[in-house]
Amino acid sequence: PLQDSAVFLNRRSIMSFTPDVSRKSGVGVIPSPAPFFTPRPERRRTDSFASRLDRDKEVNVQVILRCRPLSEEEQKSNVPRVISCNELRKEANVLHSVANKQVDRVFTFDKVFGPKAQQRSIYDQAISPIVHEVLEGFSCTVFAYGQTGTGKTYTMEGGMRNKGGDLPAEAGVIPRAVRHIFETLEAQNADYSMKVTFLELYNEEVTDLLAQDDSSSRSSEDSKQKKPVSLMEDGKGCVVLRGLEEEVVYSANDIYALLERGSSKRRTADTLLNKRSSRSHSVFTITVHIKEESMGDEELIKCGKLNLVDLAGSENILRSGSRDGRAREAGEINKSLLTLGRVINALVEHSSHIPYRDSKLTRLLRDSLGGKTKTCIIATISPSAHSLEETLSTLDYAYRAKNIKNKPEANQKLSKAVLLKDLYLELERMKEDVRAARDRNGIYIAQERYAQEEAEKKARIERIEQLENDLNLTESEASKFRDLYVAEKEKLLDVESDLKNCKRNLENKNKELLDLKENYIQVITKLNEREAIISRMKASETSLIDHAKGLRSDLQHASNDISSLFTRLDQKDKLESENQSMLLKFGSQLD
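Residues numbered from 1 in each chain as written. Predicted model: local features only at pLDDT ≥ 70, side-chain atom pairs only at ≥ 80, totals over all residues. Heavy atoms only, no water.

### Brief notes about the packing of aromatic side chains
For any pair of aromatic rings, the description rests on two quantities: the centre-to-centre distance and the angle between the ring planes.
Then comes step 1: For the coordinates displayed, the defined rule picks out five aromatic pairs.
Then comes step 2: Between Phe107 and Tyr399 the ring centres are 6.1 Å apart and the planes differ by 75 degrees, which places this aromatic pair in the edge-to-face class. Pair noted here: Phe107 is in strand β6 (residues 101–108) and Tyr399 is in helix α10 (residues 388–401), with a separation of 292 residues, a long-range link.
Then comes step 3: Assessed through its relative accessible area of 4%, Phe107 is described here as buried.
Then comes step 4: Classification of Tyr399 by relative accessible area gives partly exposed; the value is 39%.
Then comes step 5: Among the aromatic side chains, those forming a connected cluster through ring pairs are Phe107, Phe109 and Tyr399.
Then comes step 6: The aromatic ring of Phe138 is capped on one face by Lys374, whose charged end is 4.3 Å from the ring centroid. (Phe/Tyr/Trp six-rings, centres within 6.5 Å; stacked < 30°, edge-to-face > 60°. Helix = DSSP H or I, 4+ residues; strand = E, 2+ residues; numbered from the N terminus. Buried < 20%, exposed > 50% of the residue type's maximum accessible area, 1.4 Å probe, protein only. Lys NZ or Arg CZ within 6 Å of the ring centre and 35° of its normal.)

This is the structure in structure tokens:
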């Protein structure tokens, strides 16, 4: 453990020991956030280069599928198996018949483990890399999701330890992660400190499983009463758990003891589907501060956080046989899981509104789904044909969750001096509280009045949360309507512009039509005149033809007369020639 830190000698500290993120001192390094501090997502920058860098940092949520073997009762009843797992191809195949028609569906995940998979192989292949990320200063979350009776608690907790202190083969993710963290830190010979919290979410109420029981009330019913924890937000939109105690641990056995103590307080019940059904969600958080090699005089401490979540299983009330209080528990469980499903769908579809605030479970997991945490989901299913509907629902949710993108960021390193200063200030505040209680110098009220005021305070907080919920929904709806109004207004402006253009075009077309009509009338008039001229020309042509025929006949007659004239002329020339010759002959005779 860190030297020079006297507070680490105390076996118990409260959650406020975690430094306040709003307080800066020393070199200005922001201390690590308290468990489940979930900052609101920042507005995206419009810069293309920055958005491209943000996309490069995005990491898909890792989804692991585990299929449990058939139970002894299912084997005795010869229940058919409808799920087959291919670990090499990372596929789960669902074979079932609908209306006498065989349906074959295949789901692909990051890793798939069949009924014969061992706890050790699941941890080594899927969870061990996440623990290494925690030791590098990242916040990581592992949670199990599935129907009741599919092995979520067994996967997360399993067998804690044997009498000799060694882990059994059935040890789950939590005890193996604890041993892995301590072995790694001891092998590195690192200076470190570690704190754990263990909370339960039952009927939308958060309780502390590590809180000490009140010795004054130890009845069977009162022993189940646990310390209430307030879930609220600070001014920066971070989810804060007020009243959640942190236990400082020094060895893996310390954590195993705390796990056994907290698990014994967790609410379970016997149902038709599961002999020891978890009736609440549990979150076990390990926060480790590791001192890095000093750079000069300044010593820096990196903070890693591992959230291990065991969700209560969804169940069919009719099939589980739940009645009265158990039915209400099942209803609350199904409600929170349905909200988780809506959050997954909204994140996958990139919806503008993510319904984190609809359930305390989604508020706790806010940073793990779409935030700055590295997340691994272990989906557990049953191969039984009787659970086919719930199995398909789990497979669909898990398959969609693969598309959720987180932006993991390493927790900011803090100065050792800053951490110690905050711890000493917190110690002084606690001493003042103890002194005031010892001197009876504080404010004391009756137990009934205190309980009443606490109930009223809780009701007001719930009312405020409900009003904030309604306000967020109203703002989102108003934003949608505003966007719709702007879009419709733009459409209206476009339509008006188109209408003006149409009117202008109509006027131009009307003018062109009038011009065309005038031209048409003129053309018709010219055509009529042309037809009259043509008719007159036809009459003239007819008369010309008749006249030409007359001229032709006259020409024929004239030609005949000319021919007879030439004949007579030839006769005349012949006669004149004969007369000439007779004249010459007469002249010679006269001579």
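### Some points on the side chain of Asp310
Then comes step 1: The residue Asp310 is located in strand β17 (residues 300–310) in this model.
Then comes step 2: Judged by its relative accessible area of 2%, Asp310 falls in the buried class.
Then comes step 3: A polar atom in the side chain of Asp310 sits 2.7 Å from the side chain of Thr153. (Polar contact = N/O pair within 3.5 Å; in protein donor to acceptor, adjacent residues only side chain to side chain.)

### Comments concerning the state of the cysteines
Then comes step 1: Overall, the coordinates contain zero disulfides when judged by the stated rule.
Then comes step 2: Here Cys67 stays free of any disulfide, with the sulfur of Cys85 as its closest cysteine sulfur at 4.4 Å.
Then comes step 3: Relative accessible area serves as the criterion here: at 1%, Cys67 is assigned to the buried category.
Then comes step 4: The partly exposed category is assigned to Cys85, whose relative accessible area is 26%. (Disulfide = S-S within 2.5 Å.)

### Quick word on the packing of helix α3 (residues 119–135) against helix α5 (residues 173–188)
Then comes step 1: Axis separation between α3 and α5 bottoms out at 10 Å; the angle between their running directions is 50 degrees. When the axes of α3 and α5 are compared, the pair comes out oblique. Considering only the axes of α3 and α5, their crossing is right-handed. On α5, the residues that touch Gln119, Arg120, Tyr123, Ile127, Ser128, Val131, His132 and Leu135 of α3 are Val173, Arg176, Ala177, Arg179, His180, Ile181, Thr184 and Leu185. (Axes fitted to C-alpha atoms, helices over the stretch in contact; angles between N-to-C directions. Parallel < 35°, antiparallel > 145°, perpendicular 65-115°, else oblique. Left-handed = near helix turned anticlockwise from the far one by under 90°. Contact = heavy atoms within 4.5 Å.)

### Here's the deal with a nonpolar patch on the surface
Then comes step 1: A contiguous nonpolar patch, built from Ile562, Leu565, Phe566 and Leu569 and spanning about 360 Å² of accessible area, is present on the exposed surface.
Then comes step 2: Within the element layout of this structure, Leu569 appears in helix α12 (residues 447–590).
Then comes step 3: On the basis of relative accessibility, which here comes to 34%, the residue Leu569 falls in the partly exposed class. (Patch = residues over 30% accessible without salt bridge, like charges linked within 9 Å, V, L, I, M, F, W, Y side chains within 5 Å. Areas by Shrake-Rupley, 256 points an atom, 1.4 Å probe, with all protein chains shown as cover. Salt bridge = Lys/Arg side-chain N within 4 Å of Asp/Glu carboxyl O.)

### Points about the pairing of strand β9 (residues 192–202)
Then comes step 1: Burial analysis of β9 places 11 of its 11 residues in the buried class, which makes it a mostly covered element.
Then comes step 2: Neither face of β9 is left uncovered, since the one carrying Tyr192, Met194, Val196, Phe198, Glu200 and Tyr202 and the one carrying Ser193, Lys195, Thr197, Leu199 and Leu201 both have all their residues buried.
Then comes step 3: Bridge count for β9 against strand β16 (residues 281–291) is 10 bridges, and the pairing is antiparallel. Across the sheet, residue Leu201 finds its bridge partner in β16, namely His281.
Then comes step 4: Pairing of β9 with strand β13 (residues 245–249) involves three bridges; the strand directions are antiparallel. Of the residues in β13, the one forming a bridge with Val196 is Glu247.
Then comes step 5: In this structure, β9 lies alongside strand β10 (residues 205–208), joined through four bridges in antiparallel fashion. Paired with Leu199 across the two strands is Asp208, which belongs to β10. (Pairing = 2+ DSSP bridges.)

### Digging into unusual backbone geometry
Then comes step 1: We note that Asn78 has phi near 55 degrees; this positive angle belongs to a residue other than glycine.
Then comes step 2: Mapped onto the fold, Asn78 is located in the loop between α2 (72–76) and β4 (83–86).
Then comes step 3: Within the chain, His350 stands out as a residue other than glycine whose phi angle is a positive 55 degrees.
Then comes step 4: Here His350 lies in the loop between α8 (325–348) and α9 (360–364).
Then comes step 5: Note on His350: relative accessible area 63%, which makes it exposed.

### Observations regarding the packing of α5 against helix α6 (residues 252–265)
Then comes step 1: As a packed pair, α5 and α6 sit with axes 9 Å apart at the nearest point and diverge in direction by 160 degrees. Overall, the two elements α5 and α6 adopt an arrangement that is roughly antiparallel. Classified by chirality, the crossing of α6 by α5 is right-handed. Here Ile174, Pro175, Val178, Arg179 and Phe182 of α5 come into contact with α6, specifically with Ala252, Ile255, Tyr256 and Leu259.
Then comes step 2: Here the residues of the contact of α5 with α6 sort into eight nonpolar, no polar and one charged. (Nonpolar A, V, L, I, M, F, W, Y, C, P; charged D, E, K, R; others polar.)

### Notes on the pattern of salt bridges
Then comes step 1: Enumeration over the complete set of coordinates arrives at 18 salt bridges.
Then comes step 2: Here Glu349 ties to Arg400 by a salt bridge, and the two come within 3.3 Å at their closest N and O atoms. Here the residue Glu349 occupies a position in the loop between α8 and α9, and Arg400 occupies one in helix α10, the gap between them amounting to 51 residues.
Then comes step 3: The exposure class assigned to Arg400 is partly exposed, which follows from its relative accessible area of 28%.
Then comes step 4: With a closest N to O distance of 3.1 Å, Glu465 and Arg363 form a salt bridge. Taken together, the residues Glu465 in helix α12 and Arg363 in helix α9 connect sequence positions 102 residues apart. Grouping residues by exposure puts Glu465 and Arg363 together as buried.

### Digging into the confidence of the model for the protein
Then comes step 1: Of the residues in the protein, 77% have a pLDDT of 70 or more, and the chain-wide mean is 77.
Then comes step 2: Between residues 215–224, whose pLDDT stays under 50, and residues either more than four places distant or in other chains, the model counts six contacts. (pLDDT = per-residue confidence, 0-100.)

### Remarks on the environment of Val309
Then comes step 1: The residue Val309 is located in strand β17 in this model.
Then comes step 2: A relative accessible area of 1% places Val309 in the buried class.
Then comes step 3: Residues Val309 and Met156, spaced 153 residues apart in sequence, show a C-alpha to C-alpha distance of 7.9 Å.
Then comes step 4: Sequence-distant contacts of Val309, that is, excluding residues within four places in its chain, are made with Thr141, Val142, Phe143, Ala144, Met156, Ser282, Val283 and Leu365.

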